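Report on the structure
Letter by letter, the chains look like this.
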Amino acid sequence: MTAARPAAAPLPATPDLRGLLLPDLTDLVRALGAPAYRGRQIARWVYGCGVEDISEMTDLPITFRERLGEAARIGTLAVRRSTDAADGSATKLLAACEDGQTVECVLMRFDDGRRSACVSTQAGCAMGCAFCATGLGGFARNLSAGEIISQALAIRARADRRLSNVVFMGMGEPLANYEATVRAARILAAPWGLGIGVRHLTISTVGLVPQIRRLAGEGLQITLAVSLHAPTDALRRPLVPVTERYPIADLIAACRDYLAATGRRLTFEYVLIDGVNDGDAEGRALGRLLRGLLCHVNVIPLNPVPGIPLRRPAVGRVRAFARCVRDAGIPVTVRIERGTEIQAACGQLRLADGSGRASRWTPAPPPGGVPVPASGGARTHGGEGPA
């Protein structure tokens, strides 16, 4: 399958201040005839205070604010829906961009006091993963850096304390929107930006090998989370079609390069699907594949999506799979689910709202679900009791 190239976000008539780095802001104010330090003042208002209108920047001269308003703008998202989990662990936002495209972002609350934001990088997704709700809604366009930052600001405004982490795990493939994703990450991390710190950022990817290597050269110690979901190419292809272009061997080699360049432990995401990739054989194969890597496996029982005929495994099967991987010496956790009842899996709220469209990039799962290859993919259950 050849995915169509993602479209660029439409260029606004004036730049969005929420997507500008400090050097960009400095260049802008100098072009307007103001001293360079005005750039840092604007950054404080835009990123530190989260203002939505240039007129709110009250320590800037009125005449300068007027010139700035003619040369730039502050892009905003209109929150269309906000849904809270019954236990208070998550708040899911469906927000509309200025052109009407909708995106999702989530505030996650943890018992230890952490507050994390999950942000989207695209309106829709073209990767076509078999179990993903976002792909069902189709792909529309890439988001700008400003639209990504606006999600984090919307989440921060609803948190009862500072954001401690941001994960690029919402709608879309972050590394398919590389420039905007990295620009947003720099703004999130910088002291003049949201001040979250680069080590508290995580970028997820289905495994775009050239972009992983490019990210390794950025000098950013961002945690890389790889959506693996299978230990063999034969099993992964129907789940993650990009495997056809970037086989697992190439992906793991790129991950080793990323680890060598950044020193950051890798995370491998593994969505566990009943009867497809959840057997003991798959667990042992995953352990062999990752042995020797500084990494961690995040096992995620499938979040069921209406219209996708796949099921989550029983709790005992999840524990047995995790135990097989752990026995190979690989650290494993089973993801704590936050917001299942509020459709917090990426793309679900957008679908429920009626947004999105059918996509030729998203293959429909065959009747009965994703086929399990005959070689090495058979489900082998062993011990369904507690781990």
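Keep in mind that what you see is a predicted model, and the values were worked out from it rather than measured.

Here we look at the packing of helix α5 (residues 145–158) against helix α6 (residues 178–189)
Between α5 and α6, the shortest axis-to-axis distance is 8 Å and the interhelical angle comes to 45°. Comparing their axes, α6 and α5 come out oblique. For the crossing formed where α5 meets α6, the hand is right-handed. Residues A145, I148, I149 and A152 of α5 form the contact with α6, whose participating residues are A180, T181, R183, A184, I187 and L188. For the contact of α5 with α6, a count of residues per class yields eight nonpolar, one polar and one charged.

Section: α5
Because each turn of an α-helix spans 3.6 residues, side chains separated by three or four positions in sequence point in the same direction. Given a rise of 1.5 Å per residue, 14 residues ought to cover 20 Å, and the 21 Å separating the end C-alpha atoms of α5 matches this to within 8%. In terms of burial, α5 is a largely internal element, eleven of the 14 residues being buried. Regarding α5, the residues found buried are A145, G146, E147, I148, I149, S150, Q151, A152, L153, A154 and I155.

Considerations on unusual backbone geometry
With phi around 70°, H229 is a residue other than glycine that occupies positive phi space. Tracing the backbone through its elements, the reader meets H229 in the loop between β9 (223–227) and α8 (233–236). Residue class for H229 comes out buried when judged on its relative accessible area of 4%.

Description of the nonpolar core
By size, the foremost hydrophobic cluster in this structure holds 114 residues, and its most contacted members are L17, I42, M57, L68, F268, L290 and V297. In terms of residues, this core owes the most to one element, α6, which gives eight residues. Look past the residues within four positions of V297 in its chain and what remains in contact with it is F268, Y270, L286, L290, V325, I330, P331, V332 and T333. Membership of the second largest hydrophobic core comes to seven residues, among which are V106, M108, F110 and C118.

Digging into α6
With twelve residues, α6 extends 16 Å between its outermost C-alpha atoms, agreeing within 8% with the 16 Å of an ideal straight helix rising 1.5 Å per residue. Burial of α6 is extensive: nine of the twelve residues sit out of reach of the surface. Within the sequence span of α6, burial applies to Y178, A180, T181, V182, A184, A185, I187, L188 and A189. Contacts from the buried residues of α6 go to α2 (37–49), α5, β7 (165–168), β8 (201–205) and α7 (209–216).

Thoughts on the pairing of strand β3 (residues 102–109)
Among the eight residues that make up β3, seven are buried, leaving the element largely enclosed by the rest of the structure. Both strand β2 (residues 90–96) and β3 contribute to a ladder of seven bridges, which runs antiparallel. Bridge pairing in β3 links L94 to E104. Taking the residues that link successive antiparallel strands as the turn, the β2-β3 hairpin has five residues, and the phi of G100 there is positive, at about 95°. Pairing analysis gives four bridges linking β3 to strand β4 (residues 115–118), with the strands arranged antiparallel. The partner of V106 across the bridge, within β4, is C118.

Focus: the state of the cysteines
Taken as a whole and assessed by the stated rule, the structure comprises zero disulfides. The cysteine C295 is free of any disulfide, with C255 supplying the nearest cysteine sulfur at 9.2 Å. Judged by relative accessible area, which is 3%, C295 ranks as buried.

Points about the environment of T223
Mapped onto the elements, T223 comes out in strand β9. It is 9.8 Å that separates the C-alpha atoms of T223 and Y258, two residues lying 35 residues apart in sequence. Among all residues touching T223, those that are not within four sequence positions of it are R199, L201, T202, I203, R264, R265 and T267. A distance of 3.1 Å separates a polar atom in the side chain of T223 from a polar atom in the side chain of R264.

Describing the packing of aromatic side chains
With the rule as written, the count across this model stands at two aromatic pairs. Relative to W192, the ring of Y47 lies with its centre 6.0 Å away and its plane at 55°, an arrangement referred to as tilted. A residue pair is termed long-range when its members are at least 10 positions apart, and Y47 in helix α2 and W192 in the loop between α6 and β8 qualify at 145 residues. The exposure classification of Y47 matches that of W192, with both residues buried. With a centroid separation of 4.8 Å and 35° between ring planes, the pair formed by Y270 and F321 is classed as tilted.

Some words on the packing of α2 against α5
At their nearest, the axes of α2 and α5 sit 9 Å apart, and the two run at 60° to each other. Classified by the angle their axes make, α2 and α5 are oblique. Across the interface between the two elements, V46, Y47, G48 and C49 of α2 pack against I149, L153 and R156 of α5.

What counts and how
- Residues numbered from 1 in each chain as written.
- Predicted model: local features only at pLDDT ≥ 70, side-chain atom pairs only at ≥ 80, totals over all residues.
- Heavy atoms only, no water.
- Axes fitted to C-alpha atoms, helices over the stretch in contact; angles between N-to-C directions.
- Helix = DSSP H or I, 4+ residues; strand = E, 2+ residues; numbered from the N terminus.
- Parallel < 35°, antiparallel > 145°, perpendicular 65-115°, else oblique.
- Left-handed = near helix turned anticlockwise from the far one by under 90°.
- Contact = heavy atoms within 4.5 Å.
- Nonpolar A, V, L, I, M, F, W, Y, C, P; charged D, E, K, R; others polar.
- Expected span 1.5 Å × (residues − 1).
- Buried < 20%, exposed > 50% of the residue type's maximum accessible area, 1.4 Å probe, protein only.
- Core = buried A, V, L, I, M, F, W, Y, C linked by side-chain atoms within 4.5 Å.
- Pairing = 2+ DSSP bridges.
- Disulfide = S-S within 2.5 Å.
- Polar contact = N/O pair within 3.5 Å; in protein donor to acceptor, adjacent residues only side chain to side chain.
- Phe/Tyr/Trp six-rings, centres within 6.5 Å; stacked < 30°, edge-to-face > 60°.

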